[in-house]
Amino acid sequence: MKKLHDLLPELGKILAHDFERFEITRMDILMDYARVFDKLLDVLASPYPAEEEASKVIEEFLTSRQKPYGEWKSPDWLAYKLNQVVERARKPKAQKPLAEDELPF
Amino acid sequence: MEKFEDLLPELGRIFAYDLERFKDYWFDVLYHYGAAFDKLFYIVGVENPDLEKRVVEVVKEFIASRQKPYEEWKTYHWLSDELKQVMGEGLNRTYEALRGFVSLLVRRIAEDGRNTGFSRSFYDIVSDYSLIMDYLMAIFSHPDIDIVSEAEEALEAFLQGKESREWLKYRLGRIVDQFQ
C-alpha cells in the first residue's frame, strides 16, 4: 500500500482540477480542501497510528476520480472520512475490565 | 478588481506543482499550504472588501513571482506569512476597538460579584459573565469592523447602565450568531 505522502501529489492535482472545473463553487471547494488538510495534519500529529487508515481513505478518493463522474467522491466526503479516522484514533484503545479488587472506589 | 476566486485555479496548480517538485519536503508543503488555505477561507469569509483586496494582491504577487526565474520565486512560507499579516491587520483593528472596554467590564464583574452573597444570583452572575467573555473572545478573533462596532455599542450601553447584564449576554450572542 502507498504511504500517505506518496498520495499527496495526486491529491494536489485533483484540487487544481476541481478549482478549474467547478467555477461557481470555488469557495466551497477551498473550504473542503482546507478541512482535508487540517485533518491530514491531525492524522500526522495523532499519538495513535492513523496514517495507514487515512491513506486508505485517500486512495478510495483518488480511485473514485478515475471512474465516471457519477461515482466521484467529493472533497467534502474526504474531509468527513478523515475526521472519522482522527476521531477513532483519539479514542483510547479498549482495555480489559478491571477486577473487583482493582476498582478505584 | 480581480476576484479572489478567479485566482484559485492557478494557486491550485502551483500547489500541485510544489507537492510534486518538493516531494522530500511534503510535510512542509502540506503544513504551509494548509495554513494558507485556512487563512484564505477565513479572511474572505468575513466579506470585508479591504481585506479581500489585500488578499488578492498577495496571491497575485505570489503567482506572478512563479513566472519569473527560480531565484525570484516567492515560497509557500512567504504566502502563508503574508496572509497571516493580512489577517493580523484585520484583527488589530478589532483589538484596538475593544481593548478599552475590557478593563471596564472586568471592574464591573468585580463589583457585581462583591454585591451579592453566595447564592443563586451569584451563580447567575458567574454564568452570565462567562458567556459574555466567551462571546467577546469570538468577536476578538474576527476581523470584521462592522461586527466590532456592534459589540462596542452593546458594551457601551451596558457599562453606562442603560441595559442589563442579560441584555448584553443576549445581544453579544446575536452578534456572534451572525458569523458562526
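Residues numbered from 1 in each chain as written. Chains lettered and ligands numbered in written order. Predicted model: local features only at pLDDT ≥ 70, side-chain atom pairs only at ≥ 80, totals over all residues.

A.B. asks: Break down the environment of Y135 of chain B for me, with residues and values.
C.D. replies: Residues and elements named next belong to chain B. As for its position among the elements, Y135 is in helix α5 (residues 120-140). Classification of Y135 by C-beta neighbours within 10 Å gives buried; the count is 22. Sequence-wise, Y135 and G173 are 38 residues apart; in three dimensions their C-alpha atoms are separated by 6.4 Å. In contact with Y135, not counting residues within four places along its chain, are L172, G173 and V176. (Helix = DSSP H or I, 4+ residues; strand = E, 2+ residues; numbered from the N terminus. Buried ≥ 20, exposed ≤ 12 C-beta atoms within 10 Å, placed from the backbone. Contact = placed C-beta atoms within 7 Å.)

A.B. asks: Tell me what's going on with helix α4 (residues 75-90) of chain A, and back it up with residues and numbers.
C.D. replies: Residue and element names in this part refer to chain A. Here α4 is 16 residues long and its end C-alpha atoms lie 22 Å apart, about the 22 Å a rise of 1.5 Å per residue gives. Restricting attention to buried positions, one finds in α4 the residues P75, L78, K81, L82, V85 and V86. Along the long axis of α4, the arc covered by the buried residues comes to 145°, so they all point the same way. Projecting away from the buried face of α4 at angles above 90 degrees are the exposed residues Q84, E87, R88 and R90. Buried residues belonging to α4 abut α1 (4-21), α2 (26-45) and α3 (51-64). (Expected span 1.5 Å × (residues − 1). Arc of directions from axis to C-beta.)

A.B. asks: Which residues make up the nonpolar core, and what values do they have?
C.D. replies: Of all hydrophobic cores here, the largest spans 51 residues; its most connected members are A54 and L82 of chain A together with V55 of chain B. Counting only elements with at least two residues in this core, the list comes to α1, α2, α3 and α4 of chain A together with α1 (4-21), α2 (26-45), α3 (49-65) and α4 (76-114) of chain B. When residues no more than four places from it in sequence are discounted, the contact partners of V55 of chain B are F4, L40, I43, V44, L83 and V86 of chain B. Of all hydrophobic cores here, the second largest spans 11 residues; its members include I132, I139, A154 and L172 of chain B. (Core = buried A, V, L, I, M, F, W, Y, C linked by C-beta atoms within 7 Å.)

A.B. asks: If you had to explain the packing of α2 of chain A against α2 of chain B to someone new, which residues and values would you point to?
C.D. replies: Closest axis-to-axis distance for the α2 of chain A/α2 of chain B pair is 9 Å, and the angle between their directions is 140°. Taken together, the axis directions place α2 of chain A and α2 of chain B in an arrangement best described as oblique. Considering how the two elements wind past one another, α2 of chain A and α2 of chain B form a crossing that is left-handed. Residues M27, L30, M31, Y33, A34, F37, D38, L40 and L41 of chain A of α2 of chain A form the contact with α2 of chain B, whose participating residues are L30, Y31, Y33, G34, F37, D38, L40, F41 and V44 of chain B. Among the residues forming the contact of α2 of chain A with α2 of chain B, the class breakdown is 15 nonpolar, 1 polar and 2 charged. (Axes fitted to C-alpha atoms, helices over the stretch in contact; angles between N-to-C directions. Parallel < 35°, antiparallel > 145°, perpendicular 65-115°, else oblique. Left-handed = near helix turned anticlockwise from the far one by under 90°. Nonpolar A, V, L, I, M, F, W, Y, C, P; charged D, E, K, R; others polar.)

A.B. asks: Describe the packing of α3 of chain A against α4 of chain A, and please don't skip the residues or the numbers.
C.D. replies: Residue and element names in this part refer to chain A. Contact pair α3 / α4: the axes reach a minimum separation of 9 Å and the direction vectors enclose 165°. With respect to α4, the axis of α3 lies roughly antiparallel. As for the relative orientation of α3 and α4, their crossing is right-handed in sense. For the pair α3 and α4, the contacting residues are E53, A54, V57 and F61 in the first and L78, K81, L82 and V85 in the second. The residue makeup of the contact of α3 with α4, split by class, is 6 nonpolar, no polar and 2 charged.

A.B. asks: Requested: an account of the interface of chain B and chain A, with residues and values cited.
C.D. replies: Counting residues at the interface gives 19 residues for chain B, matched by 19 residues for chain A. Considering each element in turn, the side of chain B that touches chain A owes the most residues, 10 residues, to α2 of chain B. Classifying every residue of the side of chain B that touches chain A by side-chain character gives 13 nonpolar, 2 polar and 4 charged.

A.B. asks: Can you break down the domain arrangement of chain B residue by residue, with the values?
C.D. replies: Residues and elements named next belong to chain B. Parsing chain B into structural domains produces domain 1 (4-89) and domain 2 (91-179). Each of domain 1 and domain 2 has a C-alpha centre, and these two points are 36 Å apart. Across the contact, 6 residues belong to domain 1 and 5 residues belong to domain 2. With 3 residues, the top contributor of residues to the side of domain 1 that touches domain 2 is α4. Here the residues of the side of domain 1 that touches domain 2 are counted per class, giving 3 nonpolar, 2 polar and 1 charged. (Domains from an automatic or database assignment.)

A.B. asks: Outline the confidence of the model for chain B, listing residues and values.
C.D. replies: Residues and elements named next belong to chain B. Mean pLDDT over chain B works out to 87, with 97% of the residues at or above the 70 mark. Mean pLDDT values for the elements of chain B range from 85 in α4 up to 93 in α1. Overall fold confidence (pTM) sits at 0.72, and the ipTM for the predicted complex is 0.78. (pLDDT = per-residue confidence, 0-100.)

A.B. asks: Would you mind going over the environment of T116 of chain B in detail, with residue names and values included?
C.D. replies: Along the chain, T116 of chain B turns up in the loop between α4 and α5. Excluding residues within four positions of it along the chain, T116 of chain B makes contact with S121, F122 and I125 of chain B.

A.B. asks: Got a sec to walk through α1 of chain B? Specific residues and values, please.
C.D. replies: The terminal C-alpha atoms of α1 of chain B, which comprises 18 residues, lie 26 Å apart, in line with the 26 Å expected from a rise of 1.5 Å per residue. The largest bend along α1 of chain B reaches roughly 25° and is located at E10 of chain B. Listing the buried residues of α1 of chain B in full gives F4, L7, L8, L11, G12, I14, F15, A16, D18 and L19 of chain B. Close packing links the buried residues of α1 of chain B with α1 and α2 of chain A together with α2, α3 and α4 of chain B. (Bend = angle between axes of the 7 residues up to and from the residue.)

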